[in-house]
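The chain contents come next:
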Amino acid sequence: MPFSPPSLDPSQAIFIPRGVGNAFQTLEDTTAYTYLVNDHWSADAQGQYTFLNLADETAAIEWPIPLSEAELSDKDKAHPRLADVVPMPPKKTLVVGANGQLGKALRKQYDGDTSVEFASRSEFDLGSPDAFKDRNWKNYSTVINAAAYTAVDAAETSEGREAAWATNVTAVAQLARTAIEHDLTLVHISSDYVFDGAKEIHAEAEALTPLGVYGQTKAAGDAVVSVVPRHYIVRTSWVIGEGNNFVRTMASLASRGVEPSVVSDQFGRLSFTEDIAAGIRHLLDTGAQYGTYNLSNDGEPQSWADIAADVYELSGKSRSSVTGVSTKEYFDGKDAAPRPLNSVLDLSKIKAAGFDAPAAAVRLTEYVNSTTSGFSE
Ligand SMILES: NC(=O)c1ccc[n+]([C@@H]2O[C@H](COP(=O)([O-])OP(=O)(O)OC[C@H]3O[C@@H](n4cnc5c(N)ncnc54)[C@H](OP(=O)(O)O)[C@@H]3O)[C@@H](O)[C@H]2O)c1
């Protein structure tokens, strides 16, 4: 159906969202028109624009001045018909820290989605101001921060404290500033270590009470990200993915016939990275309300010793190979960070948002079965 463009007078303005084509004719000499824009054309953003020929037959625009009589640039005359238009690319998502446990799971979660870019530390170092300056943020809608300084005990040393604050707080502040300036959604990962563990179960709104340096930096990072208008703080616990982690260590010990002493007075739930990645995607895809969400696997809370015994059993060894010890006994004489005794996260909020993570026991079985061959040394 032909389309007759409306005439505008000085009392009117039109809002044109990103991706909606627009063109106009001035019908009288000395007409002035004004654009208020949120972006300017630039050579490096050329791939971000798309054009339609003004004479396109399917758009069938009834131009008040026939195009044959209108003043048109050669460039405008050469624009394609609708069938040949290259669609406007969606804004991109950038995953930083993409070679960590969670980063690798996000790579799998978004496999094949060309709108998601992954940057390891060598491709985007959060500690480098140039990394922020060099990126054209106009092309992005979302940043997922899977990077962190995660060496809990090393963070208690003077070099570790500096490095932990640099990555988990100073760099996160730079990321938050970038998100605010460019209207990005920022997804950031928090930790059960922001709590002292005095409460048996932690809701999102619990006051932050971190014990050690790592927990303090994670708590400070949460406070920073909470001022970004579009943010998801995804708080997780006891992360298990592709990399060195407790389950791998236990499976390796089991394969070598070691009978370990394992802490039996810290309680929590494992969080498998494939489920954290799926939960993050769920929040983004459903446009869940911005804010903080707990996200771990579900099921009965367990101690580390319970989990170790499960790993031994799944590896065909006796549960009784694992001896429970208290945190105090285990860390006696060692330079270790204080740890919360209760790390169980209340999952009601993310469940109400429509995401149900499987029970940790289900994922543990799959994980040990799929990786047992790797522990046969
Ligand atoms: N692991 C847990 O049990 C646990 C529990 C609760 C919450 N969390 C949180 O979950 C998130 C993901 O943890 P994860 O287990 O996947 O951690 P991870 O395996 O240690 O990965 C962290 C990644 O961040 C990268 N990174 C460190 N500093 C960086 C920088 N300045 N710039 C860019 N990248 C940098 C690391 O690169 P390099 O390898 O080069 O250092 C690494 O690839 C973190 O926010 C963590 O605090 C973890």
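Residues numbered from 1 in each chain as written. Predicted model: local features only at pLDDT ≥ 70, side-chain atom pairs only at ≥ 80, totals over all residues.

Visitor: Which residues make up the pairing of strand E3 (residues 140-145), and what values do they have?
Guide: Buried residues dominate E3, accounting for 5 of its 6 residues. Pairing of strand E1 (residues 92-96) with E3, which is carried by 5 bridges, proceeds in the parallel orientation. Across the sheet, residue threonine 93 finds its bridge partner in E3, namely threonine 142. By the bridge criterion, 4 bridges tie E3 to strand E4 (residues 185-191) in an arrangement that is parallel. Looking at the pairing, threonine 142 lines up with threonine 185 of E4. A crossover connection joins E3 to the parallel E4 through helix H4 (residues 158-181); in handedness this β-α-β unit is right-handed. (Buried ≥ 20, exposed ≤ 12 C-beta atoms within 10 Å, placed from the backbone. Helix = DSSP H or I, 4+ residues; strand = E, 2+ residues; numbered from the N terminus. Pairing = 2+ DSSP bridges. Right-handed = clockwise from strand over helix to strand, strands pointing away.)

Visitor: Let's hear about the nonpolar core: which residues, and what values?
Guide: With 82 residues, the main nonpolar core has Val95, Val96, Ala308 and Val311 as its most contacted residues. The element contributing the most residues to this core is helix H8 (residues 304-314), with 8 residues. Excluding its chain neighbours within four sequence positions, the residues that come into contact with alanine 308 are Met250, Pro260, Val262 and Val322. (Core = buried A, V, L, I, M, F, W, Y, C linked by C-beta atoms within 7 Å. Contact = placed C-beta atoms within 7 Å.)

Visitor: With reference to specific residues and values, describe the site of the ligand.
Guide: Every one of the 27 residues lining the ligand counts as a neighbour, but Gly100, Gln101, Ala147, Ala148 and Val239 are closest to it. Those elements that provide at least two residues to the shell around the ligand are helix H2 (101-109), H4 and E4. The element that contributes the greatest number of residues to the shell around the ligand is H2, accounting for 3 residues. (Near = placed C-beta within 6 Å.)

Visitor: Which residues make up the sheet that holds strand E6 (residues 231-236), and what values go with them?
Guide: Sheet strands associate in pairs through backbone hydrogen bonding, adopting either a parallel or an antiparallel arrangement. As summarised here, the arrangement of the 6 strands in space is E2-E1-E3-E4-E6-E11, forming an open sheet in which the pairing is parallel. Edge positions in the sheet fall to strand E2 (116-119) and strand E11 (291-294), since each has one partner strand and no second. Neighbour-to-neighbour, the strand axes of the sheet open up by a mean angle of 20°, direction not taken into account. (Axes fitted to C-alpha atoms, helices over the stretch in contact; angles between N-to-C directions.)

Visitor: Go over the environment of asparagine 22, please, and point to the residues and values.
Guide: If you trace the backbone, asparagine 22 turns up in the segment before helix H1 (74-77). Judged by the 7 C-beta atoms lying within 10 Å of it, asparagine 22 falls in the exposed class. Along the chain, asparagine 22 and serine 343 lie 321 residues apart, while their C-alpha atoms are 54 Å from each other.

Visitor: Talk me through helix H6 (residues 246-255); I want residue IDs and the actual numbers.
Guide: Along an α-helix, a turn takes 3.6 residues, which lines up residues three or four apart on a common side. Within H6, burial applies to Val247, Met250, Ala251, Leu253 and Ala254. Seen end-on, H6 carries its buried residues on one side only, within an arc spanning 160°. On its buried side, H6 packs onto strand E7 (239-240), H8 and helix H11 (360-371). Positive backbone phi, at 75°, marks glycine 257, one or two positions downstream of H6. (Arc of directions from axis to C-beta.)

Visitor: I'd like a rundown of the pairing of E4, residues and numbers included.
Guide: Counting buried residues along E4, 7 of its 7 residues qualify, which places the element largely inside the surrounding structure. Because side chains alternate across E4, one face comprises the buried residues Thr185, Val187, Ile189 and Ser191, and the other comprises Leu186, His188 and Ser190, equally buried. In this structure, E4 lies alongside E6, joined through 6 bridges in parallel fashion. Residue leucine 186 lies in a different strand from E6, and its bridge partner there is histidine 231.

Visitor: For the packing of H4 against helix H5 (residues 213-225), give the residues involved together with the corresponding values.
Guide: H5 packs onto H4 with a crossing angle of 5° between their chain directions and a minimal axis gap of 9 Å. Our classification of the angle between H4 and H5 gives roughly parallel. In contact with Arg161, Ala164, Trp165, Asn168, Val169, Val172, Ala173 and Ala176 of H4, H5 contributes Val213, Tyr214, Thr217, Lys218, Ala220, Gly221, Val224 and Val225. In the contact of H4 with H5, the residues fall into 11 nonpolar, 3 polar and 2 charged. (Parallel < 35°, antiparallel > 145°, perpendicular 65-115°, else oblique. Nonpolar A, V, L, I, M, F, W, Y, C, P; charged D, E, K, R; others polar.)

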